[in-house]
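Descriptive structure summary
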Amino acid sequence: MKTMKRKFFALLFGVLGVAAIGASNLSYAQTLPGAGQQQQQVQTDFSEEELKTFIQANKSVVEVQQQAEQKMIQVIEEENMDINRFNEIATAQQDPNQEADATADEMATFNQAAQKVMEVQRETQSEIAEAIESEGMQFNEYRQIMMAYQSSPEVQEKITKLVQEDQNKDQSQN
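Residues numbered from 1 in each chain as written. Predicted model: local features only at pLDDT ≥ 70, side-chain atom pairs only at ≥ 80, totals over all residues. Heavy atoms only, no water.

Quick look at the overall build of the protein
Regarding its fold elements, the protein presents 6 helices and 2 strands. If you list the helices and strands of the protein from N to C, you get α-β-β-α-α-α-α-α. By residue count, 38% of the 174 residues in the protein fall in the buried class. Put simply, of all contacts in the protein between residues at least 6 apart along the chain, 76% involve residues at least 24 apart. (Helix = DSSP H or I, 4+ residues; strand = E, 2+ residues; numbered from the N terminus. Buried < 20%, exposed > 50% of the residue type's maximum accessible area, 1.4 Å probe, protein only. Contact = heavy atoms within 4.5 Å.)

So, in structure tokens, the structure goes:
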């Protein structure tokens, strides 16, 4: 069930422009209007301090996303819909070659739950922007580093190294 929930939330966050990506023990989140659009040139020359701020901001973003996941589960369950079934219907709606085989009642329940989920997602997007800014980073800078992380193995390696150093420091202090 946990795998289905993760798949469900990846779908939902992806549809709304809030996608979760994993790298070792890390989760990185992005809120990019038009996230699927190609950028011509991605900046990759970030300072170590900028990358450290990005990592801290991302920790806050992940917390916001986790809270949003719980809210979305609650909203769906309040509509008396199974999360797995909600996911099946949502996936079918994203794929024109797939049919949901949903009854009219199921579709009505799905649509009601989906509207409420979209409201949670709108709230989450603004909470994510606030979380990023509260860590001392501008949203656009966070977005630039996220795009670089997604497209540049060099930036991925730098961020992974900084996170590992931070984790090692935390472990040695405990």
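And the narrative resumes.
Re helix H2 (residues 48-78)
An α-helical segment advances 3.6 residues per turn. Residues three or four places apart therefore align on the same side. With 31 residues, H2 extends 45 Å from end C-alpha to end C-alpha; this agrees with the ideal 45 Å at 1.5 Å per step. The positive-phi residue at the C-terminal boundary of H2 is Asn80, with phi of around 60 degrees. (Expected span 1.5 Å × (residues − 1).)

Description of the packing of aromatic side chains
For any pair of aromatic rings, the description consists of the separation of the ring centres together with the inter-plane angle of the planes. As enumerated under the stated definition, the model contains 2 aromatic pairs in all. Ring centres 4.9 Å apart and planes at 35 degrees place the aromatic pair Phe54 and Tyr142 in the tilted group. Of the two residues, Phe54 is situated in helix H2 and Tyr142 in helix H5 (residues 139-151); the sequence distance between them amounts to 88 residues. Here Phe54 falls in the buried class, since its relative accessible area comes to 0%. Judged by centre distance (4.7 Å) and plane angle (40 degrees), the ring pair of Phe86 and Phe110 falls under tilted. You can see Phe86 sitting in helix H3 (residues 83-94) and its partner Phe110 sitting in helix H4 (residues 104-134), a full 24 residues away along the chain. (Phe/Tyr/Trp six-rings, centres within 6.5 Å; stacked < 30°, edge-to-face > 60°.)

A word on unusual backbone geometry
Even without being a glycine, Asn80 presents a positive backbone phi close to 60 degrees. Take Asn80: it is sitting in the loop between H2 and H3.

Here we look at the nonpolar core
In terms of nonpolar packing, the biggest core is built from 21 residues, with Phe54, Ile132, Met137, Tyr142, Ile145 and Ile159 touching the most fellow members. Elements with a contribution of two residues or more to this core: H2, H4, H5 and helix H6 (153-173). In this structure, Met72, Ala90, Ala100 and Val120 belong to the second largest nonpolar core, which totals 17 residues. (Core = buried A, V, L, I, M, F, W, Y, C linked by side-chain atoms within 4.5 Å.)

A few points about the confidence of the model for the protein
Here the protein averages 80 in pLDDT, and 76% of its residues register 70 or above. This stretch, residues 1-39, has a pLDDT under 50; its non-local contacts, to residues over four places away or in other chains, come to 84 contacts. (pLDDT = per-residue confidence, 0-100.)

A word on the pattern of salt bridges
Close approach of charged atoms allows side chains of opposite charge to pair. Inspection of every chain in the model, using the stated rule, returns 9 salt bridges. Linking Lys59 and Asp166 is a salt bridge whose minimum nitrogen-to-oxygen distance equals 3.1 Å. With Lys59 in helix H2 and Asp166 in helix H6, this pair connects stretches of sequence that are 107 residues apart. Look at Lys59 and you get partly exposed, because its relative accessible area is 35%. When the shortest N-O distance is used, the salt bridge between Glu88 and Arg85 registers 2.8 Å. Of the two residues, Glu88 and Arg85 are both situated in helix H3; the distance of 3 residues between them amounts to about one turn of the helix. On the basis of relative accessible area, Arg85 is assigned to the buried category, the value being 15%. In the salt-bridge network here, residues are joined through shared partners; they are Arg85, Glu88 and Glu106. (Salt bridge = Lys/Arg side-chain N within 4 Å of Asp/Glu carboxyl O.)

A few points about H5
Compared with an ideal rise of 1.5 Å per residue, which puts 13 residues at 18 Å, H5 spans 18 Å between its outermost C-alpha atoms and is within 8% of the ideal. For H5, the complete set of buried residues consists of Phe139, Tyr142, Ile145, Met146, Met147, Ala148 and Tyr149.

Points about the packing of H2 against H6
Two elements in contact, H2 and H6, have axes separated by 10 Å at closest approach and are oriented at 70 degrees. Here H6 runs roughly perpendicular to H2, going by the angle between their axes. Crossing of H2 over H6 shows right-handed handedness. Residues Glu48, Leu51, Lys52, Phe54, Ile55, Gln56 and Lys59 of H2 touch H6, and the partners they reach there are Lys158, Ile159, Leu162, Val163 and Asp166. The residue makeup of the contact of H2 with H6, split by class, is 6 nonpolar, 1 polar and 5 charged. (Axes fitted to C-alpha atoms, helices over the stretch in contact; angles between N-to-C directions. Parallel < 35°, antiparallel > 145°, perpendicular 65-115°, else oblique. Left-handed = near helix turned anticlockwise from the far one by under 90°. Nonpolar A, V, L, I, M, F, W, Y, C, P; charged D, E, K, R; others polar.)

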